[in-house]
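Residues per chain, in single letters:
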Amino acid sequence: MPTSAWTPTARLRGLKPVRLNNPKVWRTEILAGLVVALALIPEAISFSIIAGVDPAVGLFASFTMAVVISVVGGRRAMISAATGAVALVIAPLNRDHGLGYLIAAVILAGIIQIALGFLGVAKLMRFVPRSVMVGFVNALAILIFTTQVPELRDVPWAVYPLLVGGLALMVFFPRITKAVPAPLVSIVILTAITVAAGIAVPTVGDKGELPSSLPVPGLPDVPFTMDTLTIIAPYAFAMALVGLMESLMTAKLVDDITDTHSSKTRESIGQGIANIVTGFFGGMGGCAMIGQTMINVKVSGARTRLSTFLAGAFLMVLCIVFGPVVSDIPMAALVAVMVMVSFATFDWHSIAPKTLKRMPAGEITVMVITVVVVVATDNLAIGVVVGSVTAMIIFAKRVAHLAHVSAVSDPDGTTVVYSVTGELFFASSNDLVGQFDYAGDPDRIVIDLSAAHIWDASSVAALDAIETKYVQRGKTVEIIGLNDPSADLHGKLSGELTSH
């Protein structure tokens, strides 16, 4: 394990290094890992049910994903485990072809993620605008909250006071001391109350049977043929994309929370390695878990790889050694933890009246669309893609109106100079052709592009069309003022974009 989470970026920002030779850091990381492990158990079981597999398959996946990613991942303190998004993708494959094909798809998905990592897919994160990121965070908070609602339906009345008590403990206990994470205190106290008083409420054990032994490595039980590859490839590719999208977005969110930098390329490759290992150990695969990561980083204050490693290690210890005790934990205690996480995750500043008054309408639109799509589809990746595309369309429409053409005639009336300003690309160049007086202009036309920039072939084609219209009327056109990149692009493409 690395002894420090200190990075050059953090050093430049003046942040204090996080070192594991500090006893307080050890305590924080260990307790954070324990809290996350407790919260992982019912979620992993629930995701196993969604995927249609035995609970042990989801628990094994959470164990191996967390342990492996703690070593090979690019974002410290981020939790990776079995997730609902991955479960939804691979559930049809398990239903139609069985567990062996699901495991094979997990391994192939890991290979694809490694390939995408080396190809630089992580660099695409720079194209995700802030409004999409805010929408992503708010949608995530809503999803975390809504996933807890089923746990509060058709349950004994005692669940509700337990929930309120758990929330109160997490709000007020930190005022007494922050030495022990409030979620852990809440879980322990509520479990002790329900067991001592014999209160009959839903518990972790009601979600499914916990495994009694460690997973054993092995090959997936499938024929190694092209037919198998044809069956699993679409599911593996979808899982790879969804897993990377959620993991990279979560890593970026943790970067912002901790004010530190992480390697997105390493994280992409690490996710692939973790899924390959998980597949060989019979797990259902996974990716970064946003809710558990928020528990680890934002609620518990973890900052190093140790908490991630211990979350996976404690998960197996709790299941195998303390299974009967863990089974008695009331679900109300874990629901209270997740409700607190949802409230802490939501960006309340983004919907404050003062913020909404100052924010451009386009930014608000993108944020709302991202939230609506994510909540409607239960898929964070789809919401991010739709939000990003919407942001690009709004940006392109806004920038398209920044291109202007103004004409100045020479005193002798033999030449007219058109000054073009702004960014010329496919959206703005479409209107360029109609801003010239082809019939009324004199014999010599000068187009000055010193205040403009050519970005794409559409702009070059538009300039060619303008020149052609003048030539057809026996007039000459001269283009001047091109900067070096624009001149290079114009020189390569001019005259080559239309058939002869």
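What counts, and at which threshold
- In this convention, every chain numbers its residues from 1, walking through the sequence in written order.
- pLDDT decides what is reported in this predicted model: residues at 70 or higher carry local features, side-chain atom pairs at 80 or more are listed and counted, and totals for whole chains, interfaces and linings draw on all residues regardless.
- Where side-chain values are given, they derive from all heavy atoms of the structure, hydrogens and water being excluded.
- The helix count covers DSSP runs of H or I at least four residues long, the strand count covers runs of E at least two residues long, and both are numbered beginning at the N terminus.
- Note on classification: 1.4 Å probe, protein chains only; a residue is buried when its accessible area is under 20% of the maximum for its type, exposed when over 50%, partly exposed between these limits.
- Here, two residues are considered to be in contact whenever any of their heavy atoms come within 4.5 Å of each other.
- All accessibility values rest on the Shrake-Rupley procedure with a 1.4 Å probe; residue burial counts only the protein chains present in the view.
- Only four residue types enter the tally: Lys and Arg on the positive side, Asp and Glu on the negative side; His and the chain ends are excluded.
- A single reference atom marks each charge: NZ on Lys, CZ on Arg, CG on Asp, CD on Glu.
- DSSP-based pairing: two strands are paired if at least 2 bridges between them are found.
- With a 1 Å grid spanning the protein atoms alone, the term cavity applies to any set of points in which a 1.4 Å probe fits but cannot get out, the term pocket to an open set with protein on both sides within 12 Å along at least five of seven lines, and the term lining residue to any residue with an atom within 4 Å of a point.
- Grid points are joined across faces, edges and corners, and a volume is the space filled by probe spheres set on the points.
- Axis definition: a line fitted to C-alpha atoms, limited for helices to the stretch in contact. Angles are taken between N-to-C directions and run from 0 to 180 degrees.
- Here pLDDT means the predictor's own confidence in every residue, given as a number from 0 to 100.
- Here the angle decides the label: under 35 degrees means roughly parallel, over 145 means roughly antiparallel, 65 to 115 means roughly perpendicular, and every other value means oblique.
- Think of it as three bins: nonpolar holds Ala, Val, Leu, Ile, Met, Phe, Trp, Tyr, Cys and Pro, charged holds Asp, Glu, Lys and Arg, and polar takes everything else, Gly as well.
- Here a crossing is taken to be left-handed if its near helix is turned anticlockwise relative to the far helix by less than a right angle, and right-handed if that turn runs clockwise.
- Crossovers are marked right-handed if the path from the first strand over the helix to the second runs clockwise, as seen with the strands pointing away from the viewer.
- In this scheme, a helix's expected span is set at 1.5 Å multiplied by one less than its residue total.
- Consider a residue and the seven residues that end there alongside the seven that start there; fitting an axis to each set, the bend is the angle between those axes.
- Salt bridges, as used here, are contacts in which a Lys or Arg side-chain nitrogen is within 4 Å of a carboxyl oxygen on Asp or Glu.

Novice: Help me out: how do you make sense of the overall build of the chain in this one?
Specialist: Helix and strand counts for the chain stand at 20 helices and six strands. Taking all 500 residues of the chain together, the buried fraction comes to 52%. Of the contacts formed within the chain by residues at least 6 apart in sequence, a portion of 83% connects residues at least 24 apart. Total accessible area computed for the chain in this model is approximately 22600 Å², and 65% of it derives from carbon and sulfur atoms. Here the chain holds 32 positive side-chain charges and 34 negative ones, and the gap between their average locations is 13 Å.

Novice: Is there a simple way to explain the pairing of strand β4 (residues 415–424) in this structure?
Specialist: The side chains of a regular strand alternate, first on one face of the sheet and then on the other. Sheet topology note: the strand β3 (residues 404–409)/β4 ladder contains six bridges and is antiparallel. Bridging across to β4, Ser 406 finds its partner in Ser 419. Between β3 and β4, which follow one another and run antiparallel, lie five residues, and Gly 413 among them has a positive phi close to 80 degrees. Bridge count between β4 and strand β5 (residues 444–454): nine bridges; the pairing is parallel. Paired with Val 417 across the strands is Val 446, a residue of β5.

Novice: Quick question: what am I supposed to make of the layout of surface pockets here?
Specialist: Gaps left between atoms show up when a probe the size of a water molecule is rolled over them. The calculated volume of the largest pocket comes to roughly 810 Å³. Along the wall of the largest pocket there are 33 residues; nearest its centre are Glu 43, Phe 47, Gly 84, Leu 143 and Thr 147. Secondary-structure elements contributing two or more residues to the lining of the largest pocket are α2 (23–51), α4 (84–97), α6 (130–148), α11 (290–299) and α14 (331–345).

Novice: What exactly am I supposed to notice about the sheet that holds strand β6 (residues 476–480) here?
Specialist: Two modes of strand pairing occur in sheets, parallel and antiparallel, and in both the strands are linked by backbone hydrogen bonds. Read across the open sheet, the four strands follow the order β3-β4-β5-β6; overall the sheet is mixed. One side of each edge strand has no neighbouring strand; the edge strands of this open sheet are β3 and β6. Between one strand axis and the next, the sheet turns through 20 degrees on average, direction left out of account. Contacts between helix α19 (residues 457–471) and the sheet are confined to β4, β5 and β6, with β5 contributing the most and set at about 175 degrees to the helix.

Novice: Teacher, can you tell me more about the confidence of the model for the chain here?
Specialist: When pLDDT is averaged across the chain, the result is 87; 95% of the residues are at 70 or more. Note that residues 1–16 has pLDDT below 50 and, in this model, 32 contacts with residues that lie over four places away or in other chains.

Novice: Even after reading the chapter, I still don't get the environment of Lys 354, so can you show me in this structure?
Specialist: With respect to the secondary-structure elements, Lys 354 resides in helix α15 (residues 353–358). On the basis of relative accessible area, Lys 354 is assigned to the exposed category, the value being 65%. Considering only alpha carbons, one finds Lys 354 and Gly 312, 42 residues apart in sequence, at a separation of 43 Å.

Novice: Can you help me understand the packing of α2 against α14 in this one?
Specialist: Two quantities define a packed helix pair, namely the angle between the axes and the distance from one axis to the other. Interaxial distance between α2 and α14 falls to 10 Å at its minimum, and their mutual angle equals 105 degrees. Taken as axis vectors, α2 and α14 run roughly perpendicular relative to one another. Between α2 and α14, the contacting residues are Leu 38, Ala 39, Pro 42 and Glu 43 on the first element and Met 331, Leu 334 and Met 338 on the second. Residues of the contact of α2 with α14, tallied by class, amount to six nonpolar, no polar and one charged.

Novice: Which parts of the structure should I look at to understand the packing of α2 against helix α3 (residues 55–72)?
Specialist: The contact between α2 and α3 brings their axes to 7 Å, and the two run at 125 degrees. Between α2 and α3, the angle is such that the two are oblique. In this structure, α2 meets α3 at a crossing whose hand is right-handed. In this structure, α2 contributes Ile 41, Ala 44, Ile 45 and Ser 48 to the contact, and α3 contributes Pro 55, Val 57, Gly 58, Leu 59 and Ser 62.

Novice: Just checking my understanding: could you explain the pairing of β6 for this structure?
Specialist: Sheet analysis places β5 next to β6, joined by five bridges and oriented parallel. Note on β6: the bridge partner recorded for Ile 447 is Ile 479. One crossover worth recording links β5 to the parallel β6 by way of α19, and it is right-handed.

Novice: Please explain helix α7 (residues 159–176) as it appears in this structure.
Specialist: Because each turn of an α-helix spans 3.6 residues, side chains separated by three or four positions end up pointing in the same direction. With 18 residues, α7 extends 26 Å between its outermost C-alpha atoms, agreeing within 8% with the 26 Å of an ideal straight helix rising 1.5 Å per residue. At Met 170, α7 shows its maximal bend, which comes to roughly 30 degrees, and the proline Pro 174 appears one to four places after that position. Here α7 has its buried residues at Val 159, Leu 162, Leu 163, Gly 166, Met 170 and Phe 173. Along its buried surface, α7 packs onto α8 (182–197) and α14.

Novice: Help me out: how do you make sense of the pattern of salt bridges in this one?
Specialist: Any two side chains of opposite charge can pair, given that their charged atoms come close. Applying the stated rule across the entire model yields six salt bridges. Across the pair Glu 151 and Lys 207 runs a salt bridge whose closest N-O atoms are separated by 2.4 Å. Taken together, the positions of Glu 151 in the loop between α6 and α7 and Lys 207 in the loop between α8 and α9 (226–258) put the pair 56 residues apart, joining distant regions of the chain. On the accessibility criterion, Lys 207 (21% relative accessible area) is partly exposed. Ionic pairing is found between Lys 492 and Asp 488, a salt bridge with its closest N-O pair at 3.5 Å. Taken together, the residues span about one helical turn, with Lys 492 and Asp 488 both in helix α20 (residues 484–493) at a distance of four residues. Overall, the relative accessible area of 59% leaves Lys 492 in the exposed class. Three or more residues are tied together by salt bridges with common partners; here these are Arg 75, Asp 255 and Lys 264.

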